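# Structure at a glance
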Amino acid sequence: MTAAPPRGAQGLLPEGLSDRLPPQAEASARLARKVLDTLAAHGYDRVMPPLAEFEETLIGRLKSARAQDLLRVVDPVSQRTLAIRPDMTAQVGRIATSRLAGAQRPLRLSYSGPVVRLRANQLRPERERLQVGAELIGTDSVAAAVEIVNVAIEALQAAGVTGITIDFTLPDLIDTLAAGPLPLSEDEIESVRAELDAKDAGALVALGEGPAAYLPLIEAAGPFHAAMEKLEALDIGGALASRIAGLRAIAKPIGWDITLTLDPTERHGFEYQLWFGFSIFAEGFVGEIGRGGSYAIVRPDGSEEPAMGFSLYPDPLIDAGFGRVEARRVFLPIGHDGEQAAKLRAEGWQTIAALSEGEDGAALGCTHWLEGGALSAY
Ligand SMILES: N[C@@H](Cc1c[nH]c[nH+]1)C(=O)O
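Residues numbered from 1 in each chain as written. Predicted model: local features only at pLDDT ≥ 70, side-chain atom pairs only at ≥ 80, totals over all residues. Heavy atoms only, no water.

The protein goes by ATP phosphoribosyltransferase regulatory subunit in an unreviewed UniProt entry, where it is assigned to Sphingobium phenoxybenzoativorans.

Here is the structure:
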C-alpha cells in the first residue's frame, strides 16, 4: 500500500483542517460504509445528529464529560453558544434520552461523521477527524461489553485491518479504590493519578503511605493474562473482584488473532467512561484508532441511564490505503455505442466519455478503451 501525500493545503486552510482528494475521499466513504454495514448486521440503526448544537447539551449529557477542546461559535439566530461536536457519543446519548426515550431497551444506534476539536496535538495534527461508532443504550453489563468489543473487532476486520490489539482499562478504578479499600484525600487522588500516568514508582511511594498502596497497579500492566494475575494478587475485596471477573468474561470470546493487553489505570482519552474502557490499536499505526467503554447518560430529569459503546477514527487507515479498490475504467471515444457503455457500467466498469476528439484515455486514468465494440487494455 502506498502512503498518501501529506494532507495540508499550505496556508489555504486553517491548521489541522484539510481536504480529502481522490482516491482517498472515496476510500473514506467505502471504509465507513463497511463499518456501518457490520454494525447494521448486528442490529445497530443509524442516526445522524447535527454538526453543531448548544454547548450545554453537548457537554451536559454524559456524566463527567468536560467542556474542554470545543470549537465554539455564537449563533446570531439563537444568541446562544454553539459548539461543533468533538465526539458523537454525547449526541447519541441526547437522542436516546429525548426523542428515542420511549424506544425499547437495549437500544442499538450507529453513526458516522466528522468531529472537530479545538486543538491538535503532535501525535494527531488534524483537528477534524472521521468518527464511526456504535452505542448500546440501556445497559453497561458485561454482556454489553462483550458485544461492543466484538462488534468493534468485527467491523475493523471487515475493513481489512489486521494485527489488532485491544488494551483494556478500568477508568474509574482509582476513584473506586480511593472511596473504599485504599482511602485517599482529594489532593492525593490527583497526585496518585499523575504518578500512575507517569508510571513513576519512586514518586508514588514518596507521596506517603496511602498513595504507596497503589504501587502494585503500576506492575499490573502489559500482556493481559500476566497483568490480570498481578491485579488479582492485589486482593482488595469486592470492588476489584467484580471488575476482574468482568474483564475475564469480556476477554474470553475474543479471537486468538487479537492481542490483549491491560493497563488498569490508563485514562488518556477516557473522559467519561466508567467501570470499563478499551483502546484499539492496529499494527503499523501510531496511537489508537478507536476507543470505547461504559458510561452514563444524564436524562432530562437528572436520572442516569447506563450505556456502552465504541468509536473508531479511521483516517490513519485511509491515509495508508485501506478502503481503496482499483477501479476498472474504460475510455469511450466519441461516437461509441451508448447501450454498450450502459451495459459495461452495469457490469461494474467506470466509463469516461470523450467530450472532444484527441483526448487521451490513459492520461485520464483509464485502464481500457472501447473500439469497434471491443475492449482493449492500454
Ligand atoms: N466516543 C468515545 C468512545 C466511546 C464511545 N462510546 C463510549 N465511549 C471516544 O471517542 O473517545
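Let us now look at empty space enclosed by the protein. Over the atoms rolls a probe the size of a water molecule, and its path tells where empty space is left. Inspection of every chain in the model, using the stated rule, returns one cavity of 30 Å³ or more. Looking at the largest cavity, its volume works out to about 30 Å³. Along the walls of the largest cavity sit Leu31, Ala32, Val35, Leu156, Ala159, Leu312, Pro314 and Leu317, which together make up its complete lining. Of the residues forming the lining of the largest cavity, the biggest block, three residues, is contributed by helix 1 (residues 24–41). For the lining of the largest cavity, the class distribution of residues is eight nonpolar, no polar and no charged. (1 Å grid on protein atoms, 1.4 Å probe; cavity = no way out; pocket = protein on both sides within 12 Å on 5 of 7 lines; lining within 4 Å. Points joined across faces, edges and corners; volume = space filled by probe spheres on them. Helix = DSSP H or I, 4+ residues; strand = E, 2+ residues; numbered from the N terminus. Nonpolar A, V, L, I, M, F, W, Y, C, P; charged D, E, K, R; others polar.)

This brings us to the UniProt feature "binding site: L-histidine" (unreviewed entry) in the protein. If you check UniProt for "binding site: L-histidine" (unreviewed entry), the listed places come out as Asp87, Met88, Thr89, Arg117, Gln131 and Glu135 in our numbering. Considered against the largest pocket, the annotated residues that line it turn out to be Asp87, Thr89, Arg117, Gln131 and Glu135. The topology assignment puts Asp87 in the loop between strand 4 (80–84) and helix 3 (89–97). Residue Asp87 is classed as buried on the basis of its relative accessible area, which comes to 15%. For Asp87, the contacting residues outside a window of four places in its chain are Val115, Gln131, Tyr272, Ser311 and Tyr313. Within polar-contact distance, the side chain of Asp87 engages the backbone nitrogen of Thr89 at 3.3 Å. For Thr89, a relative accessible area of 3% gives the class buried. Residues in contact with Thr89, not counting those within four places in the same chain, are Leu62, Tyr111, Glu135, Tyr272, Tyr295 and Ser311. One polar contact links Thr89 to Glu135, side chain to side chain, over a distance of 2.9 Å. (UniProt positions renumbered as here; feature names shortened; annotations may be inferred. Buried < 20%, exposed > 50% of the residue type's maximum accessible area, 1.4 Å probe, protein only. Contact = heavy atoms within 4.5 Å. Polar contact = N/O pair within 3.5 Å; in protein donor to acceptor, adjacent residues only side chain to side chain.)

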